[in-house]
Each structure stands twice: as structure tokens, then as C-alpha cells.
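In case you want the letters, here they are:
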Amino acid sequence: MKARLNNNQGISLVVVLMVMAILLTVVSAGLIFSGINTKVTMNYRTGSRAFNAADTGMLAIALSVTPGATPSSTPVTLGSNLCYRFGKRDGTLPSMTPTMKNEVGYSLGSGTGYNVSGYSFYQYQVNVTGTYSLASGCPSVGNESAAREVEALALYGPVAQ
């Protein structure tokens, strides 16, 4: 019995199996984290595309803001599965009733003089949602792969009082 315990044959097999198990665990953890990193990168990419679409839509709508006009909430296709629409991310439309911002004695530029009664600016809150979808066309609210909302205050004016 004592001779059997002193015999070290087979211990290398146990050590090799333990080292292989540790290496397999490390490699599988690396593969799992690599897959998660790929998903995070794709989510960031689609979110950036949606934000850029919303930014483009904000510029288009801000350029068309005039007193009494409400932008269309119909989605606009930008191509490559990108769209933007006037409104909040949940599909509701912001009020286009302007608030008045008055500036007394505001000058319209060099040589135009000084208006004692001042000027007014129409101030609007504008919300635009950009979307990215894996399917072609503009998706309905809630069916997009990524959506980002941009909110801005737009001033229209000066308008003489």
C-alpha cells in the first residue's frame, strides 16, 4: 500500500487537465466579452445614425419656422434607412405657439438705426426625432432600431413692434 502512494505516475495528467480547464475558461470568457463589445459597438453606431438624422431634421425644420406655420409630422426619408420626423420620440407633437421675447432698442444691423419701441422675437420649442431602422422605409413610432430626439429653441425675428 505504501508503494502505491509513493508512485507519482498519472499526476501529470491531472495537472494538464486542470491547466486545460483554466485555459478553456479564460478563452470562453474572452469570446463572451468580445461578443458583448460587438453588440455595444453596433448599438452606438445605430444610435449615432439616428442622432445625425435628427440633427439634419432639426436644421431643415428650423430653417422653415415662420409665425403661424406648423411643420409636417410626416416622416422624411434620408436614405440608408434613416428618417426624421417633427415631434417627440413618443409620437406627440410639441405646441408651435410661440412665446414672445422682446428686446428694447434692438438694432437690425449697421446703418438701420435704433428703434425706441424695440423688436420682438418669436421663440419656438422644436422637437425632432431621428430614426434608424434595419428595414427599409420610415418605421412607425416604437418600431425603429434606434431613435434619438433633439430639442431646440428657435428664434424667429426680429419683428418690429
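See the structure printed just above.
Notes on the structure follow.

Criteria and thresholds
Residues numbered from 1 in each chain as written. Predicted model: local features only at pLDDT ≥ 70, side-chain atom pairs only at ≥ 80, totals over all residues. Heavy atoms only, no water. Helix = DSSP H or I, 4+ residues; strand = E, 2+ residues; numbered from the N terminus. Buried < 20%, exposed > 50% of the residue type's maximum accessible area, 1.4 Å probe, protein only. Contact = heavy atoms within 4.5 Å. Areas by Shrake-Rupley, 256 points an atom, 1.4 Å probe, with all protein chains shown as cover. Pairing = 2+ DSSP bridges. Expected span 1.5 Å × (residues − 1). Core = buried A, V, L, I, M, F, W, Y, C linked by side-chain atoms within 4.5 Å. Patch = residues over 30% accessible without salt bridge, like charges linked within 9 Å, V, L, I, M, F, W, Y side chains within 5 Å. Salt bridge = Lys/Arg side-chain N within 4 Å of Asp/Glu carboxyl O. Disulfide = S-S within 2.5 Å.

Here we take up the overall build of the chain. Looking only at helices and strands, the chain has 2 helices and 5 strands in total. Scanning the chain from its N terminus toward the C terminus, one meets helices and strands in the order α-α-β-β-β-β-β. Here the chain holds 161 residues, and the buried ones make up 24% of them. In the chain, of all internal contacts separated by at least 6 residues, the share reaching a separation of at least 24 is 67%. On the chain, roughly 10,800 Å² of surface is accessible, and the fraction owed to carbon and sulfur atoms is 61%.

Glancing now at the pairing of strand β1 (residues 76–79). Two strands pair when backbone bridges link them, and β1 and strand β2 (residues 82–86) are joined in this way by 3 bridges, in the antiparallel orientation. Within β2, the position partnered with glycine 79 by the bridge is leucine 82. The hairpin formed by β1 and β2 contains 2 residues between the paired strands, and serine 80 there has a positive phi angle of roughly 55 degrees.

This next bit is on helix α2 (residues 11–63). When the terminal C-alpha atoms of α2 are compared, their 78 Å separation across 53 residues agrees well with the 78 Å that a helix rising 1.5 Å per residue should span. Turning to α2, its buried residues number three or more, namely Thr46, Gly47, Ala50, Ala53, Ala54, Gly57, Met58 and Ile61.

When you tally the buried positions in β2, you get 5 out of 5 residues, the bulk of the element. The alternating pattern of β2 places Leu82, Tyr84 and Phe86 on one face and Cys83 and Arg85 on the opposite face, and all of these are buried.

The next subject is the nonpolar core. In terms of nonpolar packing, the biggest core is built from 12 residues, these being Ala54, Met58, Ile61, Val65, Tyr84, Phe86, Met96, Tyr124, Val126, Val128, Val150 and Ala154. Listing elements by their share of this core, those giving two or more residues are α2, β2, β4 (119–132) and β5 (146–160). Not counting chain neighbours up to four residues away, the residues in contact with alanine 54 comprise Val128, Thr129, Gly130, Arg148 and Val150. Judged by nonpolar contacts, the second largest core, of 5 residues, contains Ala50, Ala53, Tyr132 and Ala146.

Right, let's talk about a nonpolar patch on the surface for a bit. Taken together, the side chains of Ile11, Val14, Val15, Val16, Met18, Val19, Met20 and Leu23 define a hydrophobic patch exposed on the protein surface, amounting to about 740 Å² of accessible area. As for its position among the elements, valine 14 is in helix α2.

Turning next to the state of the cysteines. Going through the model one piece at a time under the given rule, you end up with 1 disulfide. Between cysteine 83 and cysteine 138 runs a disulfide, and the two sulfur atoms are separated by 2.0 Å. Handedness of the cysteine 83-cysteine 138 disulfide follows from its S-S torsion of about -95 degrees: it is left-handed. Residue cysteine 83 is found in strand β2, and its partner cysteine 138 is found in the loop between β4 and β5; the two are separated by 55 residues along the sequence. Judged by its relative accessible area of 28%, cysteine 138 is partly exposed.

Let's shift gears to the environment of serine 140. Looking at the secondary structure, you find serine 140 in the loop between β4 and β5. On the basis of relative accessible area, serine 140 is assigned to the partly exposed category, the value being 42%. Separated by 65 residues in the primary sequence, serine 140 and proline 75 place their C-alpha atoms 9.1 Å from one another.

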